[in-house]
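A closer look at the structure
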Amino acid sequence: MSISTSVLSDLLQSLPYLRPQLYFKASLTALSHAMEDQVLAATLDQPLIIASFQRERFYRQEAHRYQRLSQRSNQIYVLSAPETDFTNSSEYYEKVAFEQDDALTQEWHLVVIADNYATCLVCRESLGSIAKNRQIPDLLPSLEMDTGRRFEGIWTSERGVSIKAAQLLLDRILVYRPDLASKVEKARQRFGIGGNKAYYSNLITEYACDIDTDPFVQRLVTYLQASQYKLHKAYRSIAAQARKERLINSISTAIRRSLDPHEVLQIAAQELGQHLGASRCLIYRAQASEAQATIEHEFLTPGIVSIAGQTWELKQNPLFQAVVDHGEGVYVSDTMNDARVAKSPTLSSIVRKFAVRSWLIEPVLFQGRLLGIVELHYCTLPPHQWQQSELDLVKAIATQIGAALMQAEAYANLEELNQQLEALDRTRSNLIAITGHELRTPLSTIQVCLESLATEPDMPLELRQVMLNTALADSERMRKLVQDFLTLSNLESGRVEWHPESLTLQECVDLALSRIRARPTVEKPPAITAQIAQNLPLVRADGDWLVEVLAKLVDNACKFTPTQGQIIISADQNSNQMVEVAVIDTGRGIEPNLLEIVFDRFYQEEGALRRTAGGTGLGLAICRQIVNGWGGTIWAESNGKDQGSQFHFTIPIVQASKEESKSKVKSKK
Ligand code: ADP
């Protein structure tokens, strides 16, 4: 039963001199309200009112006005396309429900006719505006979408036009509500609706422009003011949004430009603190289970006490704990008036000490894991009123910081991996060099010696002896290299069995020294003295390995110290409940930049190919594996070239409860 022709088109066809205009929705609302107000002001006697809404939802916004209007007239017709409960009915006024595909669904009409008054508004929503609204329904809130709606049509106070519009609408009403025929007829008769074209033209000349336009002007000005205010608010929010985006951009740029988390966090603290006009903005790393954190990055306004570098309580801080529990930020508007602060001695003391008046703690999370905290403090009066937009901004920045920290961590892992690869590569090249030198050189010596012995039967006896000794010494060198290599790979791969026992250090030192003295050497070793503190507690370690470490360190000291030099083995208990042993020599020393590198596998200061002192470059690497194995540390100290070297390592002491009766140190396997 729907009607596809447009009321506006029909009107324009009947009165071709009419020129439709463009109206925004707000203006139409203003005009409609002004027309209705005219009726409500009780200046008109029982007027005819016909209002056609595109949809029920638009009617519902105005329903209360129509109830009031119904007290002024019994000739009110309200048309709408139903959405929920709008049906044909006659309670306060006549409701006319038209079909969903009636052309009325795209139109907006209001006609008011009284004995000496007539205005009408006959409009159709422009197609472009409808299409646009269909495209963006989810992107913009409906209100904003509404303001862009445009209509074309006629608003006039010409009686002829109004009566024609009323006729077109009454005809349509009768299609949907034939039961209203007699009521409609009354209206027609009273206002002379239903005449021919000439009749309308006469009416137009007769009644044109005899209407008070003041209410319309006032209404329009009010709407203009309201729109201006909305526009002003929109500009303000756009400007705030732009500032926020600039801030996020500058922090993201810093993140993209730098992989140094220190730099990124400092910039973030600075920009955020400045942007929000905070007295203090802190950013620090913190994990959920940590008791305390150190404030690493800070933005301060002049005159505010700095907290940078200080230890910040987390465990006893109920605000931090709330952040951990709920995984989101918390804020205090006024610390002088907050139950959480009043109840907690920790919070009260922070507030007092650092004059914090308003406080925000936002977590820096990555995939739900707490990485750090962003804090904002306002130390001025009046207390800061936290805005949702500020909270959103801090959250957005915290998300960026989380990503930056993860990125930096990934980079650090990559760096570490890279360093490991480089070390592996160095080891590989060293291995090739050392195999070339350490294995091939003695092998060729052995070969030359044995060949000479085999091919020269007349060789004098002493020379034979020399040849044999050389071959034997070199095969011993090869054996040692292979053994060190195997020992190190066993230690590194954890294939070694540990037999920890309670030992006296003195005994181990004696064993190591006797092992060194038993070794045949070309040169006389320097003087070696042991200075073991009296009453040194027992140490807990594997005796064999402990003797091995001592022997290797003393062996090195002998190798790199001239005969007239001195070697001291000292041992004392340190503050960490460990015994610290040092092997000190007066030999060639180590450059400061090499103090750590000497522990690398195959490291030799002169390079494997130019070695003079013998050895494999594996000794210190083996020592580090052994010492780490019992939970100790080993390090080298030296003032540089020819300044002597000191090798220190630590051994855990036997805890009183575990103390065993002194056990004998076994001799080296
Ligand atoms: P090596 O078998 O070559 O001695 P190490 O691993 O024991 O292998 O030592 C590695 C390198 O550390 C040595 O080649 C030497 O350059 C340096 N080094 C070790 N001990 C000393 C020391 N007491 N004085 C000076 N340099 C030392």
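Quick summary incoming for the structure in this document.

Rules and cut-offs
- Residues numbered from 1 in each chain as written.
- Predicted model: local features only at pLDDT ≥ 70, side-chain atom pairs only at ≥ 80, totals over all residues.
- Heavy atoms only, no water.
- Pairing = 2+ DSSP bridges.
- Helix = DSSP H or I, 4+ residues; strand = E, 2+ residues; numbered from the N terminus.
- Axes fitted to C-alpha atoms, helices over the stretch in contact; angles between N-to-C directions.
- Contact = heavy atoms within 4.5 Å.
- Phe/Tyr/Trp six-rings, centres within 6.5 Å; stacked < 30°, edge-to-face > 60°.
- Core = buried A, V, L, I, M, F, W, Y, C linked by side-chain atoms within 4.5 Å.
- Buried < 20%, exposed > 50% of the residue type's maximum accessible area, 1.4 Å probe, protein only.

**Concerning the sheet that holds strand 8 (residues 280-285)**
Read from one edge of the open sheet, 5 strands run 10-8-14-13-12, paired in antiparallel fashion. Two strands in the sheet have a free side with no partner beyond their single neighbour: strand 10 (297-300) and strand 12 (330-332). In this sheet, adjacent strand axes meet at a mean angle of 10° when their direction is disregarded. One ladder, built from 4 bridges, connects strand 8 with strand 10; its direction is antiparallel. Counterpart to Leu282 in the pairing with strand 10 is Glu298. Those strands touched by helix 10 (residues 261-275) are strand 8, strand 10 and strand 14 (369-378), and its axis lies near 25° from that of strand 10.

**Focus: the packing of aromatic side chains**
As enumerated under the stated definition, the model contains 12 aromatic pairs in all. For the ring pair Trp498 and Trp545, a centre distance of 6.1 Å and an interplane angle of 50° mean the geometry is tilted. On the criterion of sequence distance, the pair formed by Trp498 in the loop between helix 15 (461-492) and strand 15 (500-503) and Trp545 in helix 17 (residues 543-559) is long-range, its members being 47 residues apart. Linked through ring pairs, Phe53, Tyr59, Tyr66, Phe86, Tyr92 and Tyr93 together constitute an aromatic cluster.

**Concerning the nonpolar core**
In this structure, Leu505, Leu546 and Phe649 are the most contacted members of the largest nonpolar core, which totals 53 residues. The leading source of residues in this core is helix 17, at 10 residues. If we skip the residues at most four places from it in the chain, Leu505 touches Ile532, Leu536, Leu546, Ala571, Val579, Val581 and Ile651. Listed in part, the 34 residues of the second largest apolar core include Leu11, Leu48, Tyr77 and Ile193.

**Some words on the environment of Gly192**
Within the secondary structure layout, Gly192 lies in the loop between helix 7 (181-191) and helix 8 (197-207). According to the relative accessible area criterion, Gly192 is partly exposed, its value standing at 22%. For Gly192 and Gln167, which are 25 residues apart along the polypeptide, the C-alpha to C-alpha distance reads 9.7 Å.

**Remarks on the sheet that holds strand 7 (residues 150-156)**
In space, the 7 strands of this open sheet follow the order 1-7-6-5-2-3-4, with mixed pairing throughout. A strand with exactly one partner marks an edge of an open sheet, and here the two such strands are strand 1 (21-24) and strand 4 (94-97). Taking the axes of each pair of neighbouring strands and ignoring which way they run, one obtains an average angle of 20° across the sheet. Relative to strand 6 (residues 117-125), strand 5 (residues 107-114) runs antiparallel, the two sharing 8 bridges. Counterpart to Ile113 in the pairing with strand 6 is Ala118. Against the sheet, helix 1 (residues 7-14) engages strand 5, strand 6 and strand 7, with an angle of about 120° to strand 6. Contacts from helix 7 reach strand 2 (48-53), strand 3 (75-80), strand 4 and strand 5, with the element oriented near 120° to strand 3.

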